[in-house]
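Residues per chain are reported as follows:
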Amino acid sequence: MKADIEIFHHDKWHHAATFTLMGENAWERGYRAPGMLAYEVEYAASYSNHAAISAVSVNYPVDYALIKTQAWPAFLLDLIPSGAGRRAILNFLNQPDQGPRSDWQLLLQGAGNPPGNLRIKQAGELLQYEKHPGFDKTEIIERAEMFIEYAHGHGAPVSGSTGAQGDAPKFLLVRDAKNHWHADGVLPDSQALQHFIVKFPRGHLDSDKAVLRNEAAYYRVAKMAGLRVHALPEFIDNTLFIPRFDRKSTHKKVIRYGQESLCSVAGVSDFGQAIAMEILCESF
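Visitor: It is not clear to me how the sheet that holds strand E5 (residues 118-120) should be interpreted in this structure. Could you clarify?
Guide: Pairing between the strands of a sheet is mediated by backbone hydrogen bonds and can be parallel or antiparallel. Across the sheet, five strands lie side by side as E4-E3-E2-E1-E5; this open sheet has antiparallel pairing. Looking at which strands have only one partner, the edges of the open sheet turn out to be strand E4 (66-69) and E5. Taking the axes of each pair of neighbouring strands and ignoring which way they run, one obtains an average angle of 25° across the sheet. Where strand E1 (residues 2-9) lies against strand E2 (residues 12-21), eight bridges are found, and the strand directions are antiparallel. When the bridges of E2 are listed, Ile-7 appears paired with His-14. Across the sheet, helix H4 (residues 103-110) lies against E1, E2 and E5, angled at about 35° from E1, the strand it touches most.

Visitor: When you look at the sheet that holds strand E10 (residues 239-243) in this model, what are you seeing that I'm missing?
Guide: With respect to topology, five strands assemble into an open sheet ordered E7-E6-E8-E10-E9, the strand pairing being antiparallel. The open sheet has two edge strands, strand E7 (181-183) and strand E9 (234-236), and neither has a second partner. Across this sheet, the average inter-strand angle for adjacent strands is 35°, counted without regard to direction. Inspection of the sheet shows strand E8 (residues 192-199) paired to E10 by four bridges, in the antiparallel sense. Paired with Ile-197 across the two strands is Ile-242, which belongs to E10. Packing against the sheet, helix H8 (residues 206-224) makes contact with E8, E9 and E10, and its axis sits at approximately 35° to E10.

Visitor: What's the story with the nonpolar core in this structure? I'm lost.
Guide: The nonpolar side chains of soluble globular proteins are, as a tendency, buried together. Within the largest apolar cluster, 35 residues are counted, with the highest numbers of intra-cluster contacts made by Ile-5, Tyr-39, Trp-72 and Ile-120. Counting residues per element, the ones that place at least two in this core are E1, E2, strand E3 (35-39), helix H1 (41-47), helix H2 (74-79), helix H3 (84-92), H4 and E5. With residues up to four places along the chain from it excluded, the contact list for Tyr-39 reads Ala-16, Ala-17, Ala-44, Ala-55, Val-56, Ser-57, Tyr-60, Pro-61, Val-62 and Asp-63. Formed by 19 residues, the second largest nonpolar core is a distinct cluster that contains Ile-140, Ala-151, Ala-156 and Val-158.

Calculation notes
Residues numbered from 1 in each chain as written. Predicted model: local features only at pLDDT ≥ 70, side-chain atom pairs only at ≥ 80, totals over all residues. Heavy atoms only, no water. Pairing = 2+ DSSP bridges. Helix = DSSP H or I, 4+ residues; strand = E, 2+ residues; numbered from the N terminus. Axes fitted to C-alpha atoms, helices over the stretch in contact; angles between N-to-C directions. Contact = heavy atoms within 4.5 Å. Core = buried A, V, L, I, M, F, W, Y, C linked by side-chain atoms within 4.5 Å. Buried < 20%, exposed > 50% of the residue type's maximum accessible area, 1.4 Å probe, protein only.

Here you go:
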């Protein structure tokens with residue numbers, strides 16, 4: 001069983017590497033299963049001497065090595081949907097969450113449009129380009145965390161919208177030139193104007209709503225303090241619209257910037273693990 005890893009650079013997707021599960025029924029162990037990571041020979045021949053932009057992770061520079069891993073490479077954990085995104089994908093697939101036994105399916109079917117510039121080819125092939133006129137911003141705000149179900153019920157492809165990590169409801173959405181909103185990953189790049197993470201409160205308590213309201217304020221404070229802030233978010237009726245820093249639309253093209261979690265950089269192939277600050281600092 002294998003997952004083909006694609007990377008976006010120089011205006012197109014490249015089949016860069018393959019991760020293959022090792023051992024009988026290894027998929028049942030989820031992301032703790034051993035495997036082998038290998039760059040495609042043609043890709044390695046073309047990009048082994050290029051900058052890190054061509055690598056799938058800072059820990060795996062482009063070369064011809066066959067790399068055995070005791071668990072999934074940590075960067076794959078950045079791609080698999082988790083939290084609210086995991087629940088949404090399994091709901092669309094009409095599948096119960098079977099813990100580790102669901103991880104491989106989620107990777108192959110839910111990692112077609114994660115943040116950054118990587119994706120799993122098998123999952124990307126499941127995305128459908130948008131033939132829907134899109135939705136108004138007010139519809140997003142009114143439907144809140146039920147917006148994706150609402151959009152799906154109105155005939156809009158939505159599978160590319162649930163790649164964001166975290167337990168609170170959040171969706172990856174894109175705005176077109178007509179100011180209509182769509183699920184990310186299903187609108188042709190030539191029609192995409194601006195990409196957002198849209199976040200909703202985790203619950204219905206005032207404290208849940210305050211989290212997002214305060215997050216918007218923290219962005220403003222950080223910018224006033226001279227810290228590097230990509231763009232200020234907009235907080236409207238308990239909905240937070242955050243412009244994404246890993247996407248840039250220009251001249252009817254979308255630039256996808258690579259990103260990697262600090263856990264992945266530190267080589268930690270696990271979720272929710274307490275990591276000593278010394279390990280994280282040394283990873284730089």
